[in-house]
Amino acid sequence: MKFNSLVIHGGIDGDEHTGSVNVPIYQTSTYRQEEVGKHKGYEYSRTGNPTRFALEQLIADLESGYKGFAFGSGMAAISSVLMMFNSSDHIIFSDDVYGGSYRVVSKIFTNLGLEHTFTNTSDIKNIENAIKPNTKAIYIETPTNPLMKLTNIKEVAKVAKNNNLLLIVDNTFMTPYLQKPIELGADLVLHSATKYLGGHSDLVAGLVVVNTEELAERLHFIQNSVGGILGPMDSFLLIRGIKTLSVRMEKHCQNAMKIISWLEQQDFVTHIHYPKFDRNEDAKSQMKHYGGMISFDVKNTDIQNKILSNLHVITLAESLGGIETLISVPSRMTHASIPSETRKQLGITDTLIRLSVGIEDSDDIIRELDITNK
Ligand SMILES: *Cc1c(COP(=O)(O)O)cnc(C)c1O
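Computed from a prediction, not measured in an experiment: that's the story for all the values here.

Engineer: Sorry, what's going on with the sheet that holds strand β12 (residues 352-356) here?
Structural biologist: Two pairing modes exist for strands in a sheet, parallel and antiparallel, and in both the strands are linked by backbone hydrogen bonds. Pairing in this open sheet of 5 strands is mixed, and the strands run β8-β9-β12-β11-β10 from one edge to the other. Both outer strands of the open sheet, β8 (269-273) and β10 (315-316), are each paired with one neighbouring strand and no more. Relative to β12, strand β11 (residues 326-328) runs antiparallel, the two being bridged by 3 bridges. Looking across to β12, one finds that isoleucine 327 is bridged to leucine 355. Strands β8, β9 (293-298) and β12 of the sheet are contacted by helix α10 (residues 245-264), whose axis makes an angle of about 15 degrees with β9. Relative to the sheet, helix α12 (residues 301-308) contacts β9, β10, β11 and β12, its axis offset from that of β9 by approximately 135 degrees.

Shown next as structure tokens:
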């Protein structure tokens, strides 16, 4: 099946017992056993639940992986993956990863003895220089959040293979519709499914896809032991959201391109961060389109505040990837937990604005960004 069919029919399609076209919501914690140990494959819903299993199969199909795992949030998924490592292992991270990922690594896993280096992974030399004898993995986001820096997944995968390291890619911004990290050599793919996969700003969830049986066993052990699983109702909602992933992503990308063309003509805009403008053509070619996320810098905070005022179609809110356009100020919202010095070094200025372009009419979005209307 091709991708646009797979989002609808991938994983487990419908219900063979009743012919229901949708996977039922198995709202149960436990399962009857005929004799001790004789059951239909399910014993307890932390270990496995049919609705969650259908979702896990679906995301594995979409990411061309071996097995999928669903968690109660993106952070639960990320934390569970980090628990696959031991104290005194070392991991190399992209330096402007999602704020919550930065926080969990630098405030929690570091206390458990996990060593880390944050570096600009767009330059492969930085990764090579950061490798130490105890390095076990490279963890990247491409594009990064909020500055949209690209990392060439294939190139990093080669370095990872040569040094016996796992390559972990947070694919939240792209989704498998736009970018398939496992096909480019990654070992694990992560998602905050709260964003584009869910797509309707109505749930919080995380997904992981691994490319081998060995990694699947390790992660299943952690999922079952630590227990940060996704419930059946949210698993159902996420399957429902994924069915329209292709059409939504097309529209997000189209609208983003229209807004980019408009922003380019505005003289209050000093810089636009969007993958289209990246000079690394190889990294650009790993993505089908450039996505629905735009960050831009404006001349001063007065202009920034003006843009944020009088909003109706656009919503001032954290998060991204939903059908509605969201606007945010990374320095004061999503990235506030990063020390201001570090933020400055990374280029996350106080005048930066991040836009998660929705699927409304682009004219309505543009009208609300236009400060001459305010
Ligand atoms: C939101 C986000 C996360 C965290 O996911 P939650 O579902 O909010 O826990 C991780 N990575 C990226 C890139 C994100 O945007």
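Engineer: Quick question: what am I supposed to make of the domain arrangement of the protein here?
Structural biologist: How big an interface is tends to be reported as the loss of accessible area on association of its parts. Each assigned domain of the protein is listed with its residue range as follows: domain 1 (3-242) and domain 2 (245-373). The distance between the C-alpha centroids of domain 1 and domain 2 comes to 26 Å. Every contact between the two is made by 38 residues of domain 1 and, on the other side, 44 residues of domain 2. When the two sides are added together, the surface that domain 1 and domain 2 hide from each other amounts to roughly 3300 Å², 62% of it contributed by carbon and sulfur. Its largest share of buried area at the contact with domain 2, domain 1 owes to Leu150, Tyr177 and Tyr196, together 23% of the area lost on that side. Across the contact surface, domain 1 and domain 2 share 0 salt bridges.

Engineer: What is the right way to read α12 from this model?
Structural biologist: Given 3.6 residues per helical turn, the α-helix brings residues three or four places apart onto the same face. Among all positions of α12, only Ile303, Gln304, Ile307 and Leu308 are buried. Buried residues of α12, viewed axially, fall in a sector of 140 degrees; they line one side. Regarding α12, its N-cap is asparagine 300, as a side-chain oxygen of that residue lies 3.1 Å from the backbone nitrogen of aspartate 302 further along. The first or second residue beyond α12 is asparagine 310, which carries a positive phi of 55 degrees.

Engineer: How do you make sense of the nonpolar core when you look at a structure like this?
Structural biologist: Note that soluble globular proteins tend to have their nonpolar side chains buried in a common cluster. Of all hydrophobic cores here, the largest spans 36 residues; its most connected members are Leu55, Leu62, Leu197, Leu207, Leu238, Ile242 and Leu245. Contributing elements (two or more residues each) for this core: α1 (3-9), α2 (50-62), α7 (175-178), β7 (206-210), α9 (232-242) and α10. Looking at this core, the element that brings in the most residues is α2, giving 5 residues. When we break this core down by domain, the ones giving at least three residues each are domain 1 (3-242) and domain 2 (245-373). Not counting residues within four places of it along the chain, the set of residues in contact with leucine 62 comprises Phe3, Leu6, Val7, Pro176, Lys180 and Ile242. By size, the runner-up hydrophobic cluster in this structure holds 29 residues, among which are Ile78, Val81, Tyr139 and Val208.

Engineer: In this structure, what is going on with the UniProt feature "modified residue: N6-(pyridoxal phosphate)lysine" (unreviewed entry) in the protein? I would like to understand it.
Structural biologist: In this structure's numbering, the residues bearing the UniProt feature "modified residue: N6-(pyridoxal phosphate)lysine" (unreviewed entry) are Lys195. Within the secondary structure layout, lysine 195 lies in the loop between β6 (188-192) and β7. The class of lysine 195 is buried, set by a relative accessible area of 8%. Excluding residues within four positions of it along the chain, lysine 195 makes contact with Tyr98, Thr172, Ser319, Leu320 and Gly321.

What counts as what
Residues numbered from 1 in each chain as written. Predicted model: local features only at pLDDT ≥ 70, side-chain atom pairs only at ≥ 80, totals over all residues. Heavy atoms only, no water. Pairing = 2+ DSSP bridges. Helix = DSSP H or I, 4+ residues; strand = E, 2+ residues; numbered from the N terminus. Contact = heavy atoms within 4.5 Å. Axes fitted to C-alpha atoms, helices over the stretch in contact; angles between N-to-C directions. Domains from an automatic or database assignment. Buried area = accessible area lost by both parts, 1.4 Å probe. Salt bridge = Lys/Arg side-chain N within 4 Å of Asp/Glu carboxyl O. Buried < 20%, exposed > 50% of the residue type's maximum accessible area, 1.4 Å probe, protein only. Arc of directions from axis to C-beta. Polar contact = N/O pair within 3.5 Å; in protein donor to acceptor, adjacent residues only side chain to side chain. Core = buried A, V, L, I, M, F, W, Y, C linked by side-chain atoms within 4.5 Å. UniProt positions renumbered as here; feature names shortened; annotations may be inferred.

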